[in-house]
Each structure stands twice: as C-alpha cells, then as structure tokens.
2 protein chains.
Amino acid sequence: MVMSLMQSPPAAKTLIDGTEFDYFCGTGYFALHGHPDLIDAACQATQQYGLGPATRTFDHPVLLAVETQAARFFDTDAAHYYVSGYLGNTLLLKGLAPDYDVILIDSESHYSVFDGAAASGKPTVRFAHADPDALRDTLRATLKPGQRPLVITDGIFPTSGRIAPLPAYHQILKDYDQALLCVDDAHATGVLGEKGQGTLEYLGLQGEGCYSSGTLSKALGGFGGIIAGSDSFIKKIALKGASPVPLGAAAASATALSLLMQQPHLRQTLWDNARYAKAAFRTMGFTDIPDTPVPFFCLSGGGLDYKTLQEELHKQGRAVLYIPEGGYTEVPAGGAIRIAIFSTHTRAQIDCLVAAVSVLI
Amino acid sequence: MVMSLMQSPPAAKTLIDGTEFDYFCGTGYFALHGHPDLIDAACQATQQYGLGPATRTFDHPVLLAVETQAARFFDTDAAHYYVSGYLGNTLLLKGLAPDYDVILIDSESHYSVFDGAAASGKPTVRFAHADPDALRDTLRATLKPGQRPLVITDGIFPTSGRIAPLPAYHQILKDYDQALLCVDDAHATGVLGEKGQGTLEYLGLQGEGCYSSGTLSKALGGFGGIIAGSDSFIKKIALKGASPVPLGAAAASATALSLLMQQPHLRQTLWDNARYAKAAFRTMGFTDIPDTPVPFFCLSGGGLDYKTLQEELHKQGRAVLYIPEGGYTEVPAGGAIRIAIFSTHTRAQIDCLVAAVSVLI
C-alpha cells in the first residue's frame, strides 16, 4: 500500500498527493509549523550556527533563548528545554523521585507516561480512566501509612480531547500529606488557559505540588519538550545525556512562544472555532463531545463504520484521522475519527465538514 | 556564573565567547553540523514543507527519504527514524519483549539503556562494566531453565571511548538458546566499521540475534534516532505517539547519510587522526587509552587535577570537556578530561594540544 504524502506544511488547507485538502488532522492547532516567522527564524539560526551544537558542553544562545521565552510564557523563574516532549514525564518522575513513594497513573495515559513511571523505579498502580472515585479507592487500597502519592495523567487525552478531572483529583489528594499531581500537557501547551500555560492554568490549579510537562512541537509549531518552574526545581529535573534540539527548530520554538504571547487573540479564535465545531457535532448526535475549548474531539460509537466514513471524507478532499480500536490510547470500542480544529479554519470549512459528515452517517 | 556561549557550528575551530578555539569537545566527529550541504538541505526543506508535519498521519517525503537512505547505509530492507536517539533502547527492548525473558545490562550503560529496560517491564540484572566473566556468572546465577537472556550495553562508552567486549559476550551467549545481544550505538553510528554501520559491523557480529540502535545527531551532524533491519523487525519496534523529527534536521540527516556513503575516505581520515592523537597521549603516560579507531578518549588517573588542566587549556584557546566523578556514566575516580578528535582537525592542532597537555601535567 502506498501511503499518502503530505506535500505542504500542515495548515487549514494542506497539499496531499497533489490535491489541496481541508485538513482536520494532527496537532498544529495554530498552523504555526508553516508560519513564515518560524520558517525564517529556523533558516536564519541554521545558517548562522549550523544544525546543532552536538552536545551542550557550552551553552548556546539559541537554546537559552527558548528557555528565556518559555520562562516568560509560563511566568516562572526558569525552564528546561529538552530533546523531546516524549521524555517530559520521565524527567518529572525521575526528578521528583525523592519527594514521593508511589505513582498512581490513569490507565489510559499516553505511552510516555508509563515509560516515565517505569524509569522512576517507583511502585506504580493504575486507576480507572478519568475516574476520581477510582483514584480515591486506589489510594486507600494502595498506600501504607506515611507513604506519599504522586498522581499522573494526561492533561488533555489525545484521542477524545477529554480534560482529566484534575480538580477532583486535587481535592482527593488533600487527605494526603505532600501529595503530588503531575500532568502530561502535550496537547494543552499554548492552547488552554488565558495565557496558554496549559491545563493547570485553565483549571486554576497552579501551585505547590502541581507540575506539568509540555511540548513545543504541537500547538507551538516548533519542537522539543519544555518544563517550567523554579530554579531549584528545574535543576532537579534537567535531562542528562541526550542531544539538544536542532537549532533551527529551537529558534522557531522561541519565535512561536513570543508570537503567542504577542497575539493572545489567536487562542480566542481557536477556542471559538473549537466550540463552534463541537456544538455542531453534538447537535448531530455525538453528545459525548465535551463542551470545552479543547480544539479536537472524536466521533465514535453508535455502531457507525468510521473507517468508511474517513475514506469517504478523504475522497471529498477532507482529511480526518481514523484510529482503529486498540490503535492508540483511550480509543472507544469500534474505533473513532479524530477531528482537529485550527485557529485558521474558516467557518465555511467547518460547516462543509459538518455537512459532509451528516450526509454520510 | 555565566556559561560560555558557542557562537559558531561545532568544528575543528569553534567560536566561543568571541574567541576561536581549537575545539576537541562533543560528538560531531566529521564536523557535519556546520557542513554547507546539510545547512542547505535543512533550509530548503524548511522553506518548502515548514517546521514539521506535527504528526505522521500522512507519510512525508522528507522523513521517508531519511529511512530510504538509512536502509542503504546499513544494507537493510528498512529503517525506522524516530524523534531521539535517547528512545532507541526503549524501542528495542519494548519491541523485542516477546522474544526474551530477562535483561542483563552493563552497569555503566547510558541512562537511556536503563530507562529502556525499565520501560520493557522485564526483570533486569546488572553485570560489572565491560566484564565478560561477570556476564557469564550473572547469567548462571540469574536465569531459570528455559529463560531467554537479552544482553544490552553501549557499543562505545561515551566517556572512555572503550568498545564493549561484544565478541566475548557473543561467545558466552552461544550457551543459551535464542539469546539476544543489543547495542546502544549512539557514538559508533557512521564512525565504526568499513561502511560506518557501527560496532557490530566493526566486530563482525552482524547477524541473527544482534541488534543496535543508532543516532543521526552525533557523527552524522543531523538529528534523530535510527534503527535498521528487516521489514518485519522494523514494524515490530516502531515508536508510537511521539512527534516526528523537524523536517530541516531530517533533510540534513538524509544528506549526511548520502555524503558519508559517497566519501568513505572521511572515515579513514578520522580513524587516522584518532590513532595519531591516542598514540601521542599513550606515549605521554595515559596508557589506558585504547588503540582503536574510536575518535574520543579520556585522560584520567595518576592523581592529576583535571579540572585545573581543563581551565588552563581553555585559557590557551583549547576546548576540552572536564567531567567530574559522578557527573556522567563510567567516569573514573578523580574525574576525567574527554578529548574528541574530528576528521577535520589538522595534525598541527593535535600536536599543539598534545604539547600543551604535556607541559601542564
């Protein structure tokens, strides 16, 4: 089978196999991967400094600039910029290891959360997906007296777009001394919260005992993982022994952080588009779609044939992602179609997608 | 403390804090991070396709080109190109999980090897660093009847430049049915073997039961991890759920693979430079330095003050890396200076470094 080829940057309209598609895939929610400012920054840094410093034996102006902009973006003293968002949970869970005894992990968390828990060497127990009661029961059944729990979960789950019930988790954890709450915020960085700081900002949970890891490779259009916090915390979690991010992508990431700080209206546009699309699909009968500003969601259930639906939409020049059951985390029985909304989608594009789906189901 | 800033691509001569240094740090053994062909490829791909596709929902010509070139480079059917070399051991150990029961791991392996072993969920036992007898004893003490061992180690250790005694490990493993041998080849990719395929090629161990993960971000001057092998093996180990490599760095990586295939003499020059430098330092009394083509080594032992030595060399405009005891894997007691040799170093540069060290110790 020949896979389809993407031939332009991912954007509201994306060139695939020579045809311009209405593109509702992926994680580039502001279409920044193809933004001219990011491209210029990447090429300029690459011309001046080459592909990368190979190691961080010496500090590097381009990498420092990302950490400086990230600390501004997250309103923190410092930030650590590392090779891949995938490693963020490993950094949090290894770095915080002296401060907790047992990990409690949402059973549908991203692969990288489980890998990070394993790397920490700490006992790890799963609790039922997005279920505060299950967390409460698991804590009671698991913790020995004096043991300190760390709860970890995706902030936004990557298929459903569901936000983890963090306020309920936070409330439950008040019964435990020195409890920690960690969030893999890959899909929320730049997207949720007034300042785009992520799920903890959106839910008003920033503060002691709450931590998150983010990425600059999705909504920000750049590349690499980011963790922000106090100087002492950042020293504690810093990654050893991985190559630094390529300088072009790093320069683009710093530019993206700056751009989103200067243009907060982009986030408002994204939220408005997301609510508009989600309302339409809920009206169509997909009532499980959460009414939140999260810019993606899935169509699932009802015994529909989502693989065929995806193929029909593709024939019409609309790209959406089909995920088979078991093909990723938290995919509902029968598979799902994941729809991503960008700040740059026009209402007409969204209306056409909604109309096309309503005819096909 | 203000860190020193690198202001040019890493090369035989590198601009640091406004001064041109004779540069003996890092892992850019062919100085490819600043090679004009790589820079051009990176900028061209970024201009055409943007920073990245965000996800690999659709296939991408630039990412496919890396995998095609890598399969040619390694003489295999296929290759898997993923976000960071750091994750290579996780991919090998999770992907091969159905095929082994117990992991035996060199006690001084890179952090990423331990993280990968943890992520696999398999029982893991350490054996003494680079010690075949210890491996034999640990196998006998650990394995229950019928259990299949997997041995994993760095191919070249990142501080000492020591090559793991893989032929001895391979011989020992002949006593066990279906034993596997895995190598983190980050420092050997492009460097060891007639074709630059790495430690297994260099030692004549390519074949059934032997696997390695490599990187394109060190000697190759690009970015990202690479694993080559048969189609079925590559399907088995492919990473789910991480962002793809930035397209600029990916295009540069494909160019680097092609360049090293077209110019095998670069590797001969590197080996010659490395042997030349190592012979001089052995003559000076650092007799532990291995007589191999590995392009880096460490100065250690003898009760010398390596921190001061590094500072004195820095004042003279020669950059070498000081690693304190406990600051990285397999650092000898008293700390060490790591010296990296590039194919682009002149003999005069190497002679001056040797002379400077001999005066200072």
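Being a predicted model, the structure only gives us computed values, none of them experimental. (Residues numbered from 1 in each chain as written. Chains lettered and ligands numbered in written order. Predicted model: local features only at pLDDT ≥ 70, side-chain atom pairs only at ≥ 80, totals over all residues. Heavy atoms only, no water.)

**Some thoughts on the nonpolar core**
Soluble, globular proteins show a tendency: their nonpolar side chains are buried together.
Here is step 1: Within the largest apolar cluster, 156 residues are counted, with the highest numbers of intra-cluster contacts made by Leu-150 of chain A together with Leu-150 of chain B.
Here is step 2: In contact with Leu-150 of chain B, not counting residues within four places along its chain, are Leu-93, Leu-96, Tyr-100, Val-102, Ile-103, Leu-104, Leu-180 and Cys-182 of chain B. (Core = buried A, V, L, I, M, F, W, Y, C linked by side-chain atoms within 4.5 Å. Buried < 20%, exposed > 50% of the residue type's maximum accessible area, 1.4 Å probe, protein only. Contact = heavy atoms within 4.5 Å.)

**Comments concerning the environment of His-314 of chain B**
Here is step 1: Here His-314 of chain B lies in helix α11 (residues 306-315).
Here is step 2: For the pair His-314 of chain B and Ala-279 of chain B, spaced 35 residues apart in the sequence, the C-alpha separation amounts to 23 Å.
Here is step 3: Sequence-distant contacts of His-314 of chain B, that is, excluding residues within four places in its chain, are made with Phe-58 of chain A together with Ser-4 and Phe-21 of chain B. (Helix = DSSP H or I, 4+ residues; strand = E, 2+ residues; numbered from the N terminus.)

**Quick notes on the pairing of strand β2 (residues 19-23) of chain A**
Successive residues of a regular strand alternate their side chains across the two faces of the sheet.
All names here are of chain A.
Here is step 1: In this sheet, β2 lies alongside strand β1 (residues 13-16) in antiparallel orientation, the contact comprising 4 bridges. Bridge pairing links Leu-15 to Glu-20 in β2.
Here is step 2: Adjacent in sequence and paired antiparallel, β1 and β2 are bridged by 2 residues, among which Asp-17 carries a positive phi angle near 50°.
Here is step 3: Pairing between β2 and strand β11 (residues 318-319): 2 bridges, direction parallel. Each bridged residue has a counterpart across the sheet, and for Asp-22 the counterpart in β11 is Arg-318. (Pairing = 2+ DSSP bridges.)

**Points about the domain arrangement of chain A**
Residue and element names in this part refer to chain A.
Here is step 1: Once the domains are mapped, chain A shows domain 1 (13-24 + 264-360) and domain 2 (36-262).
Here is step 2: Domain 1 puts 20 residues into the contact, and the matching count from domain 2 is 26 residues.
Here is step 3: Counting each side, the surface lost to burial between domain 1 and domain 2 is near 1,900 Å², with a carbon and sulfur contribution of 59%.
Here is step 4: Counting every contact that joins domain 1 to domain 2 gives 0 salt bridges.
Here is step 5: Broken down by secondary-structure element, the contributors of at least two residues to the side of domain 1 that touches domain 2 are α10 (265-283) and β10 (296-300).
Here is step 6: For the side of domain 1 that touches domain 2, the class distribution of residues is 14 nonpolar, 3 polar and 3 charged. (Domains from an automatic or database assignment. Buried area = accessible area lost by both parts, 1.4 Å probe. Salt bridge = Lys/Arg side-chain N within 4 Å of Asp/Glu carboxyl O. Nonpolar A, V, L, I, M, F, W, Y, C, P; charged D, E, K, R; others polar.)

**Examining the interface of chain A and chain B**
Here is step 1: Facing the 68 residues of chain A at the interface are 68 residues of chain B.
Here is step 2: Here chain A packs against chain B, burying approximately 5,100 Å² in sum over the two surfaces, 68% of which is carbon and sulfur.
Here is step 3: Contact with chain B buries surface across chain A, with Met-6, Leu-51 and Phe-58 of chain A losing the most and accounting together for 14% of the total.
Here is step 4: Counting across the chain A and chain B interface gives 2 salt bridges.
Here is step 5: For the pair chain A and chain B, the number of links is 10 residue pairs in polar contact (both at pLDDT 80 or more).
Here is step 6: Going through the elements one at a time, α1 (36-49), α2 (61-74), α3 (88-95), α4 (111-120) and α9 (247-262) of chain A are the ones with two or more residues in the side of chain A that touches chain B. (Polar contact = N/O pair within 3.5 Å; in protein donor to acceptor, adjacent residues only side chain to side chain.)

**A few points about the relation of the copies chain A and chain B**
Here is step 1: Rotating chain A by 180° and moving it 0.0 Å along the rotation axis overlays it on chain B with an RMSD of 0.0 Å. Those values place the two copies in the arrangement expected of a two-fold rotation axis.
Here is step 2: With an isologous cut-off of 70% or more, the 100% of interface residues of chain A that recur at the interface of chain B puts this contact in the isologous class. (Least-squares fit on C-alpha atoms with pLDDT ≥ 70 in both.)

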